[in-house]
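Below, each chain spelled out in residue letters.
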Amino acid sequence: MALFNFKKRPPVAPDVPTAAVEALLKNYSIEVMPRTAENVDDFRDLLPAGTRVYIAHIEGTPIEDMVATARRLTEQGYRAMPHFPARIIMNRATLADWIARYQGEAGVDQALVLAGGVAQPHGDFQSSMDLLETGEFGKAGFKRLHVAGHPEGNRDIDPSGDMDNVTAALRWKQAFSETSDAEMALATQFAFDAAPIIAWADTLKAAGIDLPIHIGIAGPAKLQTLIKFAIACGVGPSLKVLQKRAMDVTKLLLPYEPTDVIADLALHKAANPDFNITNVHFFPLGGIKTNATWAINNAGASGVPASAQ
C-alpha cells in the first residue's frame with residue numbers, strides 16, 4: 001500500500017499563504033460512484049485515512065452495488081456517506097430497508113439526503129424534506145445528515161431563476177436541524193467563482209440559516225468536460241469563468257484546476273474566521289485519482305480528520 005509524502009507543498013497561488021489553503025482543505029470530502037470506485041484498486045493509495053467519501057446514487061444503480069461500495073470504503077478506513085435521492089425511493093419501507101442494509105452490512109451512520117436528479121418521483125417522495133419527515137434516519141440513530149445547497153440557485157426548484165423556493169427549503173432544514181440529534185450541514189452544487197459563493201453564504205447567515213456549508217468544488221478536468229457537466233447540472237453565473245477560459249486559445253487545451261476559487265475562498269476564510277463555509281467537497285469530474293492527487297499536492301497533510309466527525 002502506498003504511503004503519502006506529506007511534506008509542505010507550495011500554495012495554490014503565490015500570494016496565498018499555504019496555511020490558509022490547508023485550513024480550508026482540512027477534512028475535505030470527495031465523491032465516487034460504484035462504477036468509478038471499481039477502477040480504484042485501493043483507496044488507501046489515494047485518500048488520507050478517515051476521509052469522508054460520498055457515494056452518488058445514480059438512477060438505475062442497484063442498492064446492492066451501493067452497499068458493497070460503502071462496505072469496501074468502511075473496511076478501508078473511510079467514512080462512507082451514501083446519497084439517499086428521494087425521487088428514486090419508492091416508499092417508506094424501501095427507505096427503511098436501505099438504511100438497515102447500509103447500517104448492518106457497511107456500518108454506515110451518515111447520509112446525504114437530497115431530492116435527486118430525476119424529473120418525476122418513482123414513488124411517494126418528492127424532496128429531501130419528505131425523507132427527513134419520516135423519522136427513519138433518527139430511528140436508526142444516524143449521527144450525521146447532509147442536505148443540498150445551491151449557491152447559484154436551482155432551476156428545478158425555482159424555474160423563474162429566483163431563490164424563493166430554495167431559501168424556503170433551507171429555512172425548513174435549519175428548523176429541522178434544531179430538533180434533530182444528528183449533526184447537519186449543507187453540501188452544495190459545484191461553482192467556479194468565489195464571489196457568488198461568498199455572497200450566498202453571507203446571505204444565508206444573515207437570514208439565520210447557520211448550518212455549516214461544505215462547498216462543492218469541481219476537481220481538475222478537461223475544460224470541455226467541465227462545461228458539459230456544468231450545463232447539465234444547472235451551474236449559474238460562475239459558468240462564465242469556464243466560458244471565458246474557453247475563449248483563450250492558450251488555456252483551451254490545458255486542464256482546469258480549481259486553483260483560483262480555492263485561493264479566493266481560503267483568503268476570505270483566513271480574514272473572516274467565522275465564515276460559514278467550513279469544508280470543501282470535491283466532485284472528481286476529471287477522475288478520482290486526478291482529484292485526489294491534486295488535493296494532496298495542495299493540502300499537504302490536511303484532509304486527515306482530527307476526529308470522527
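Everything discussed here concerns the structure shown above.
Note that this is a predicted model, so its numbers are computed, not measured.

**Observations concerning the packing of helix H1 (residues 18–25) against helix H13 (residues 288–299)**
Okay, step 1: Where H1 contacts H13, the two axes come as close as 9 Å, and the packing angle between them is 135 degrees. Classified by the interaxial angle, the pair formed by H1 and H13 is oblique. When H1 is examined against H13, the residues Val21, Glu22 and Leu25 are found in contact with a partner set consisting of Trp294, Asn298 and Ala299.
Okay, step 2: Across the contact of H1 with H13, the residue classes break down as 4 nonpolar, 1 polar and 1 charged.

**Structural notes on the pattern of salt bridges**
Okay, step 1: Taken as a whole, this structure holds 8 salt bridges when the rule is applied.
Okay, step 2: The partner of Glu64 in a salt bridge is Arg101, with the nearest N and O atoms 3.1 Å apart. Residue Glu64 is located in helix H3 (residues 63–75), and its partner Arg101 is located in helix H4 (residues 92–106); the two are separated by 37 residues in the primary sequence.
Okay, step 3: For Glu64, a relative accessible area of 46% corresponds to the partly exposed category.
Okay, step 4: Connected through shared salt-bridge partners, Glu64, Asp97 and Arg101 make up one network.

**As for the packing of helix H8 (residues 194–206) against helix H12 (residues 259–271)**
Okay, step 1: Remark: H8 packs on H12, axes separated minimally by 9 Å, with the N-to-C direction vectors making an angle of 40 degrees. With respect to H12, the axis of H8 lies oblique. Contacts between H8 and H12 pair Ala194, Ile197 and Ile198 from the former with Val261, Asp264, Leu265 and His268 from the latter.

**With respect to the nonpolar core**
Okay, step 1: Membership of the largest hydrophobic core comes to 81 residues, with the highest contact counts inside it found for Phe84, Phe137 and Leu265.
Okay, step 2: Apart from residues lying up to four places away in sequence, Phe137 is in contact with Phe84, Leu95, Ile99, Ala111, Val113, Leu131, Leu132, Phe142 and Leu145.
Okay, step 3: Residues Tyr54, Leu112, Leu114 and Ala187 belong to the second largest nonpolar core, which totals 6 residues.

**Describing the packing of aromatic side chains**
To describe a pair of aromatic rings, you give the distance between the ring centres and the angle between the ring planes.
Okay, step 1: Scanning the model with the defined rule gives 11 aromatic pairs in all.
Okay, step 2: Ring centres 5.6 Å apart and planes at 75 degrees place the aromatic pair Tyr28 and Phe282 in the edge-to-face group. Separated by 254 residues along the polypeptide, Tyr28 in the loop between H1 and strand E1 (29–32) and Phe282 in strand E8 (residues 277–283) bring together distant segments of the chain.
Okay, step 3: Since its relative accessible area comes to 1%, Tyr28 is described here as buried.

**Some remarks on unusual backbone geometry**
Okay, step 1: Here Asn27, not a glycine, exhibits a phi torsion of approximately 65 degrees, which is positive.
Okay, step 2: Position of Asn27 relative to the elements: it lies in the loop between H1 and E1.

**So, the sheet that holds strand E7 (residues 213–218)**
Strands in a sheet are paired, the pairing made by backbone hydrogen bonds, and the direction either parallel or antiparallel.
Okay, step 1: With parallel pairing, 8 strands are arranged side by side around a closed barrel as E1-E2-E3-E4-E5-E6-E7-E8. For this sheet, the mean angle separating the axes of adjacent strands, direction not counted, is 30 degrees.
Okay, step 2: In the sheet, strand E4 (residues 110–114) pairs with strand E5 (residues 144–149) via 4 bridges, with the strands oriented parallel. Looking at the pairing, Ala111 lines up with Leu145 of E5.
Okay, step 3: Along the sheet, helix H7 (residues 164–177) contacts E5 and strand E6 (183–190); its crossing angle with E6, the most-contacted strand, is approximately 155 degrees.

Reading the values: the criteria
Residues numbered from 1 in each chain as written. Predicted model: local features only at pLDDT ≥ 70, side-chain atom pairs only at ≥ 80, totals over all residues. Heavy atoms only, no water. Axes fitted to C-alpha atoms, helices over the stretch in contact; angles between N-to-C directions. Helix = DSSP H or I, 4+ residues; strand = E, 2+ residues; numbered from the N terminus. Parallel < 35°, antiparallel > 145°, perpendicular 65-115°, else oblique. Contact = heavy atoms within 4.5 Å. Nonpolar A, V, L, I, M, F, W, Y, C, P; charged D, E, K, R; others polar. Salt bridge = Lys/Arg side-chain N within 4 Å of Asp/Glu carboxyl O. Buried < 20%, exposed > 50% of the residue type's maximum accessible area, 1.4 Å probe, protein only. Core = buried A, V, L, I, M, F, W, Y, C linked by side-chain atoms within 4.5 Å. Phe/Tyr/Trp six-rings, centres within 6.5 Å; stacked < 30°, edge-to-face > 60°. Pairing = 2+ DSSP bridges.

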